[in-house]
Amino acid sequence: GYVSDAELSALYSGCFAFVFPSLYEGFGLPVLEAMSCGAPVIVSHSTSLPEVAGQAGFYIDPACAAGLCRQMQQLTDQAAQRDQWRQASRDQAAGFSWDKAAHIALQAYETVCGREPWYIEGKERR
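Nothing here was measured: the structure is a model prediction, and the numbers come from that model.

Colleague: Teacher, can you tell me more about the overall build of the protein chain here?
Modeller: On a plain count of helices and strands, the protein chain comes out with 6 helices and 5 strands. Seen through its C-alpha atoms, the protein chain measures out along the principal axes to roughly 55 × 30 × 30 Å. Residues classed as buried in the protein chain amount to 32% of the 126 residues present. Put simply, the protein chain shows about 8100 Å² of open surface, and 56% of that area lies on carbon and sulfur atoms.

Below you can see the structure in the form of structure tokens.
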């Protein structure tokens, strides 16, 4: 069913881990949302998810249930590191923003169209 943004944030913030064994993922927005709330993430080692989760993610083969179980057990056994994992998730998520994504997309479109980029490393073209 429907979960409001506030409820979703509370779920991400309070979860043991966010598990996302996706076989195909265009970007991984749910992973980024979970990480921004400090959730440790267990994700597929394929598609775009390693780029999103970076060094903060725990990786599995999405087709291997035993591997997922092992990773979850490892997180359980190493509970003393939970705060470190939560902070690593927040730090990784902080590297993403809608403004940055929009500027990168605009720069790509302008390059394809043969125009000088409007935005390059924090400087707007006049």
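Colleague: Just to check I follow, could you spell out helix α5 (residues 82-93) for this structure?
Modeller: Residues separated by three or four positions in an α-helix point in the same direction, a consequence of the helix having 3.6 residues per turn. In a regular helix each residue adds 1.5 Å, so 12 residues correspond to 16 Å; α5 covers 17 Å between its end C-alpha atoms and thus fits that length. Every buried residue of α5 is listed here: R82, W85, R86, S89 and A93. Projected down its long axis, α5 carries its buried residues within an arc of 100 degrees, all on one side. Exposed side of α5, more than 90 degrees from the buried face: D83 and Q84 are the residues found there. Here the buried face of α5 lies against α1 (5-14), α2 (29-36), β2 (41-44), β3 (58-60) and α4 (65-77).

Colleague: Would you take a moment to explain the nonpolar core for this structure?
Modeller: Nonpolar side chains tend to gather and get buried jointly when the protein is soluble and globular. Core analysis: the biggest nonpolar cluster contains 17 residues, and F18, V31, M35, V41 and V43 have the highest contact counts within it. The dominant element in this core, judged by the number of residues it contributes, is α2, at 4 residues. F18 has contacts with Y12, P30, V31, A34, A39, P40, V41 and I42, leaving out every residue within four places of it along the chain. The next biggest cluster of nonpolar side chains, apart from the first, holds 7 residues, and it includes A17, I42, I60 and L75.

Colleague: Sorry if this is basic, but what is going on with the sheet that holds strand β1 (residues 18-20) here?
Modeller: The pairing of strands in a sheet happens through backbone hydrogen bonds and is either parallel or antiparallel. Spatially, β1-β2-β3 is the arrangement adopted by the 3 strands of the open sheet, whose pairing is parallel. What marks the edges here is a single partner per strand, and that holds for β1 and β3. Strand-to-strand twist in this sheet, taken as the mean axis angle between neighbours without regard to direction, amounts to 20 degrees. The pairing of β1 with β2 spans 3 bridges and is classified as parallel. Looking across to β2, one finds that F20 is bridged to V43. Lying on the sheet, α4 is in contact with β1, β2 and β3; it crosses β3 at an angle near 160 degrees.

Colleague: Would you take a moment to explain the side chain of R82 for this structure?
Modeller: Topologically, R82 is positioned in helix α5. A distance of 3.1 Å separates a polar side-chain atom of R82 from the backbone oxygen of L75. If near-sequence neighbours (up to four positions away) are discounted, R82 is found in contact with F16, L75 and T76.

What counts and how
- Residues numbered from 1 in each chain as written.
- Predicted model: local features only at pLDDT ≥ 70, side-chain atom pairs only at ≥ 80, totals over all residues.
- Heavy atoms only, no water.
- Helix = DSSP H or I, 4+ residues; strand = E, 2+ residues; numbered from the N terminus.
- Buried < 20%, exposed > 50% of the residue type's maximum accessible area, 1.4 Å probe, protein only.
- Areas by Shrake-Rupley, 256 points an atom, 1.4 Å probe, with all protein chains shown as cover.
- Expected span 1.5 Å × (residues − 1).
- Arc of directions from axis to C-beta.
- Contact = heavy atoms within 4.5 Å.
- Core = buried A, V, L, I, M, F, W, Y, C linked by side-chain atoms within 4.5 Å.
- Pairing = 2+ DSSP bridges.
- Axes fitted to C-alpha atoms, helices over the stretch in contact; angles between N-to-C directions.
- Polar contact = N/O pair within 3.5 Å; in protein donor to acceptor, adjacent residues only side chain to side chain.

Distances and angles like these do not, on their own, reveal function.
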